[in-house]
Amino acid sequence: MQVKSRHHLRSDAVSDVETTLEEQLGVSPDGDAYERVEFEETDWEVVLIDGEPQVAYFDDEPFLTVRGANVYEPEKQLVTVDSGAISFVSDGADVMRPGITEATDDIEPDDLVVIAEESHGKVLAVGRARVEGSDMVGSEGKVIDSLHHVGDDLYEFSG
């Protein structure tokens, strides 16, 4: 991915990102340097926290990247999948009900969510919910659209 622009965030922009992540996910990023990176041929915008791509903008909404979620371990807007779903989710597949073991009750349709595997709690992907968290576990149907996953260009990007 070719970098188009890169600049340090002002303190008010850093506060906005931190407040949003605290409200959405219950996490408090803590870094000394926040840089916003835009890319040439994609809509990705990333915030590097101390040089690591830990936040990305999805439809102008800041949210943790897979790497960021593995650092800060969110407890809200969290969906857990079973071992059978790991390879599909890691390859960028949308998430289906049968693979989900649990989802937090704070999830509403169109919310961004973090998708983790159940045995070690490692985050595999970030997606957009199609249904409420209470309606995620079941026997059929697609419930999360995948936006970012382990191994994609955003995951592989290093500041």
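Just so it is clear, the model here is predicted, and its values are computed rather than measured.

(A) Geometry of the UniProt feature "domain: PUA" (unreviewed entry) in the protein. Within the UniProt annotation, "domain: PUA" (unreviewed entry) is assigned to residues 77-151. Summarising residues 77-151: 7% helix, 41% strand, and an end-to-end C-alpha distance of 22 Å.

(B) Region of the structure containing the pairing of strand β10 (residues 123-129). Within β10, 7 of the 7 residues are buried, which leaves it mostly tucked inside the rest of the structure. Pairing between strand β9 (residues 112-117) and β10: 5 bridges, direction antiparallel. What sits directly across from Leu112, in β10, is Arg128. Hairpin geometry of β9 and β10 is characterised by an intervening segment of 5 residues between the two adjacent antiparallel strands and by a positive phi of about 75 degrees at Gly121. Relative to strand β11 (residues 142-149), β10 runs antiparallel, the two being bridged by 5 bridges. What sits directly across from Gly127, in β11, is Ser146.

(C) Here's a closer look at the sheet that holds β9. Within the open sheet, the 6 strands sit side by side as β7-β11-β10-β9-β6-β8. Their pairing is mixed. Two strands bound the open sheet, and with one partner strand each, they are β7 (95-96) and β8 (100-103). Examined bridge by bridge, strand β6 (residues 78-81) and β8 share 3 bridges and lie antiparallel to one another. Opposite Thr80, over in β8, you have Glu102 as the bridge partner.

(D) View of the domain arrangement of the protein. With domains assigned, the protein is organised as domain 1 (3-69) and domain 2 (72-149). The distance between the C-alpha centroids of domain 1 and domain 2 comes to 21 Å. Opposite the 21 residues of domain 1 that make contact, domain 2 presents 17 residues. Considering only the side of domain 1, the residues that lose the most area to domain 2 are Phe63, Val66 and Ala69, jointly responsible for 36% of the buried surface there. Seen at the junction of domain 1 and domain 2, the total is 2 salt bridges. The residue Asp59 makes a salt bridge to Arg128 at a minimum N-O spacing of 3.1 Å. Inspection of the domain 1/domain 2 interface yields 8 residue pairs in polar contact (both at pLDDT 80 or more).

(E) Local environment of the sheet that holds strand β1 (residues 3-8). Here 5 strands make up an open sheet; going across it, the order is β1-β2-β3-β4-β5 and the pairing antiparallel. Two strands in the sheet have a free side with no partner beyond their single neighbour: β1 and β5 (61-64). Neighbour-to-neighbour, the strand axes of the sheet open up by a mean angle of 30 degrees, direction not taken into account. Sheet contacts for helix α1 (residues 11-25): β2 (34-39), β4 (52-58) and β5; angle to β5, the most-contacted strand, approximately 65 degrees.

Rules of the game
Residues numbered from 1 in each chain as written. Predicted model: local features only at pLDDT ≥ 70, side-chain atom pairs only at ≥ 80, totals over all residues. Heavy atoms only, no water. UniProt positions renumbered as here; feature names shortened; annotations may be inferred. Helix = DSSP H or I, 4+ residues; strand = E, 2+ residues; numbered from the N terminus. Buried < 20%, exposed > 50% of the residue type's maximum accessible area, 1.4 Å probe, protein only. Pairing = 2+ DSSP bridges. Domains from an automatic or database assignment. Contact = heavy atoms within 4.5 Å. Buried area = accessible area lost by both parts, 1.4 Å probe. Salt bridge = Lys/Arg side-chain N within 4 Å of Asp/Glu carboxyl O. Polar contact = N/O pair within 3.5 Å; in protein donor to acceptor, adjacent residues only side chain to side chain. Axes fitted to C-alpha atoms, helices over the stretch in contact; angles between N-to-C directions.

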